[in-house]
Amino acid sequence: MAQGEKIIGIDLGTTNSVVAIMEGSEPKVIPNAEGNRLTPSVVAFTDKQETIVGEPARRQAVTNPKRTVYSAKRFMGRRHNEVQSEEKMVPYGVTGGAGDYVKIQVGDSEYTPQEISAKVLRKLKESAESYLGHKV
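In short, a report on the structure. Note that this is a predicted model, so its numbers are computed, not measured.

Turning our attention to the sheet that holds strand β5 (residues 42–45). On the basis of which strands lie adjacent, the open sheet formed by 3 strands has the order β6-β5-β7 and antiparallel pairing. The open sheet has two edge strands with one neighbour each: β6 (51–53) and β7 (68–70). Between one strand and the next, the sheet's axes are offset by a mean angle of 20 degrees, whatever the strand orientation. Where β5 meets β7, 3 bridges bridge the pair, whose relative direction is antiparallel. What sits directly across from alanine 44, in β7, is threonine 68. Contacts from helix α3 (residues 113–132) reach β5, β6 and β7, with the element oriented near 105 degrees to β5.

The structure is reproduced here in structure tokens:
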């Protein structure tokens, strides 16, 4: 690591996620674009093909439940026949054959849980870059 470089740490949670850096010997949680230290692990897709992540996505869950994905992490690495009880707890589509890995159906598109989580990770990375003033 070069002198002055910062290392970020990300906690990708099922409900909320956070990004932090070390400042001296103390960890500092970086606020997101909304000014909050916690970022909801929620991704929403609008009818205009826009992707919204975090608090703005969580706010639209009431008006757009079938296109708002949360708790995607609980489906990672699991086959469709393993998630019947969890599938009933979410308004969005959970698809796949019994032995297939779970996919999340949003409109005409299918996403893996990893793809949904990557969108949350990207938002956290952008928050860190904005805070630090350079790419990470």
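Moving on, we get to the packing of aromatic side chains. On inspection of all chains with the given rule, the structure shows 2 aromatic pairs. Centroid distance phenylalanine 45 to tyrosine 111: 4.7 Å. Interplanar angle 15 degrees. Geometry classified as stacked. Residue phenylalanine 45 is found in strand β5, and its partner tyrosine 111 is found in strand β10 (residues 109–111); the two are separated by 66 residues along the sequence. Look at phenylalanine 45 and you get buried, because its relative accessible area is 5%. A residue is classified by how much of its surface remains accessible, and tyrosine 111, at 18% relative accessible area, is buried. Note on tyrosine 70 and tyrosine 92: the rings are 5.8 Å apart at their centroids and 85 degrees apart in plane angle, and the pair reads as edge-to-face. Here the residue tyrosine 70 occupies a position in strand β7, and tyrosine 92 occupies one in the loop between α2 (84–87) and β8 (93–95), the gap between them amounting to 22 residues. Note on tyrosine 70: relative accessible area 29%, which makes it partly exposed. On the basis of relative accessible area, tyrosine 92 is assigned to the buried category, the value being 3%.

Here we take up the nonpolar core. Most often, soluble globular proteins have nonpolar side chains that are buried together. Core analysis: the largest hydrophobic core is formed by 23 residues, its most contacted members being Phe45, Val69, Phe75, Tyr92, Val94, Ile104 and Ile116. For this core, the elements supplying multiple residues, two or more each, are β2 (16–23), β5, β9 (103–106) and α3. Sorting elements by how many residues they give to this core places α3 first, with 5 residues. Those residues in contact with isoleucine 116, other than ones at most four positions away along the chain, are Val43, Phe45, Val69, Ala72, Ile104 and Tyr111.

Either a parallel or an antiparallel arrangement is found when strands of a sheet pair, and the pairing is made through backbone hydrogen bonds. Overall, antiparallel pairing links the 3 strands, which are arranged β8-β9-β10 in an open sheet. Edge positions in the open sheet fall to β8 and β10, since each of these has one partner strand only. Across this sheet, the average inter-strand angle for adjacent strands is 35 degrees, counted without regard to direction. Contacts from α3 reach β9 and β10, with the element oriented near 80 degrees to β10.

Position of asparagine 81 relative to the elements: it lies in the loop between β7 and α2. Between the C-alpha atoms of asparagine 81 and aspartate 100, which are 19 residues apart in sequence, the distance is 8.0 Å.

Conventions adopted
Residues numbered from 1 in each chain as written. Predicted model: local features only at pLDDT ≥ 70, side-chain atom pairs only at ≥ 80, totals over all residues. Heavy atoms only, no water. Pairing = 2+ DSSP bridges. Helix = DSSP H or I, 4+ residues; strand = E, 2+ residues; numbered from the N terminus. Axes fitted to C-alpha atoms, helices over the stretch in contact; angles between N-to-C directions. Contact = heavy atoms within 4.5 Å. Phe/Tyr/Trp six-rings, centres within 6.5 Å; stacked < 30°, edge-to-face > 60°. Buried < 20%, exposed > 50% of the residue type's maximum accessible area, 1.4 Å probe, protein only. Core = buried A, V, L, I, M, F, W, Y, C linked by side-chain atoms within 4.5 Å.

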